[in-house]
Every structure is written in C-alpha cells, then in structure tokens.
Amino acid sequence: MTLAPVESNKSPTKVTLGPLQSREVSARFVAKIRVNELTGCWIWRAHVTKFGYGQFSALDVETGEVRTQYAHRVAYEAIHGPVREGLDLDHLCCRRNCANPDHVEPVTRRVNLLRGDTISASRAAQTHCENGHPLAGENLYVNPGSRSRTCRICRAALYRSWVAKNRERRREIDRAFGRARTKRKQNRVEIPV
Ligand SMILES: [Zn+2]
Ligand SMILES: [Zn+2]
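Conventions and cut-offs
- Residues numbered from 1 in each chain as written.
- Chains lettered and ligands numbered in written order.
- Predicted model: local features only at pLDDT ≥ 70, side-chain atom pairs only at ≥ 80, totals over all residues.
- Helix = DSSP H or I, 4+ residues; strand = E, 2+ residues; numbered from the N terminus.
- Buried ≥ 20, exposed ≤ 12 C-beta atoms within 10 Å, placed from the backbone.
- Contact = placed C-beta atoms within 7 Å.
- Core = buried A, V, L, I, M, F, W, Y, C linked by C-beta atoms within 7 Å.

Asker: Mind showing me how you'd approach the overall build of the chain here?
Answerer: If you tally the helices and strands in the chain, you get six helices and eight strands. Per-residue burial over the chain gives 18% buried out of 193 residues. Taking as baseline every contact in the chain between residues at least 6 positions apart, the subset at least 24 positions apart corresponds to 48%.

Asker: Any chance you could explain the nonpolar core here in plain terms?
Answerer: Within soluble globular proteins, side chains that are nonpolar tend to cluster in buried spots. Judged by nonpolar contacts, the single largest core of 18 residues is most densely connected at Trp-42, Phe-56, Ala-71, Val-74, Ala-75 and Ala-99. A total of five residues in this core trace back to one element, the largest contributor, which is helix H2 (residues 71-80).

Asker: How should I be thinking about H2 in this particular structure?
Answerer: Count 3.6 residues to each turn of an α-helix, and residues three or four apart come out pointing the same way. Here H2 lies mainly inside the structure; eight of its ten residues are buried. Among all positions in H2, only Ala-71, His-72, Arg-73, Val-74, Ala-75, Tyr-76, Glu-77 and Ala-78 are buried. Here the buried face of H2 lies against helix H1 (23-31), strand S2 (42-44), strand S3 (55-59), strand S4 (66-70), strand S5 (87-91) and strand S6 (104-108). Looking one or two residues past H2, Gly-81 carries a phi angle of roughly 95 degrees, positive in sign.

Here is the structure:
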C-alpha cells in the first residue's frame, strides 16, 4: 500500500491533497489504517466522527494551518486528485470508517442521498461483516432486542479470544506462584506409554 502524493496542476486554492505531501505525514496516515485482507477496506483506527467517518488532521503546507479532513477524502485526493466542487465521496463498501480510495466514488449529493446514505441504511445494506463473512443465513445473528445484525463467526472468535485472554491471566498467576508449581511437578507420577 503506497500513498504517493500526486502532482496537480489545478488552481492551488482548490487543491486539498495537501496533507499527504510529506513522507512523515503519509506514514502517520498509514499507521492509522488496518487493512482488512478480505474486503480490502482500510479501516480507520483513529478518530471517527459521530456519523462514523474517519478524521485526519495535518498541517497544510500551503496555508501553514492545521486542517482536519475526512480520512477517505485525504486518501482519495492523494491518489486520484481533488474531488470536484459539489461532489460527495460515496462509500461503495458501505463502511464509513473505510479510507480505501478505491472504495469510494465521487457522486452528486443527490445521488448520495438517493442511495440511502444513512447509518441504518448502510448497516442494513451490509452483506458481509467487517471480516468478510456473509451476513446471511446461518451466520447471521440478529440481536432480539436491538435488531442489530452481527456475524456468528466473529462473535465466536471474540468469545474465544476472551477465554484465551483469561487463560493467559491464569498463567501469569501460575508464574507468580512458580515455586508451588515446581514442587507439584516433582511429585507428578509418570504414566508409562
Ligand atoms: Zn471499504
Ligand atoms: Zn465475521
């Protein structure tokens, strides 16, 4: 994954790709992304707005001011160039916290609204979970209270990791009481094979 800044000959006042012009800032941007191997989404791990969009702040080299911009817009403009005035970037992957420039498409605001770009609509339209498992059939778990749709595979993995974490904690306690363990080991009866 490279975020090479593109040169633009458009009017400098309209150019907003500024943030990723320096190598340091590009590296800082990339560090905030976790790439989902299955969906290709660049999941934003840093600040997200209340509407679910990733946000990135950086110094604008042209104005010398700190600018905050949507993460997906920063990535899109760094790779594809400035978005035309009046156009919105619509998430084709239905994940607003995805910054993959290939997962967004510039559309008119009217098209964006017609596509039903609300949190509930995008969630309901989600056909796969964040890890690419299908949100359908046996794998779909609908919470009876909140009606939220989640993936059974991921729910099970979450449970397993919780168990593993607690197992690790138990091992830590065992290590702290290492002497008692060693003693027990000495008394262990060997079972012939
Ligand atoms: Zn995506
Ligand atoms: Zn899943």
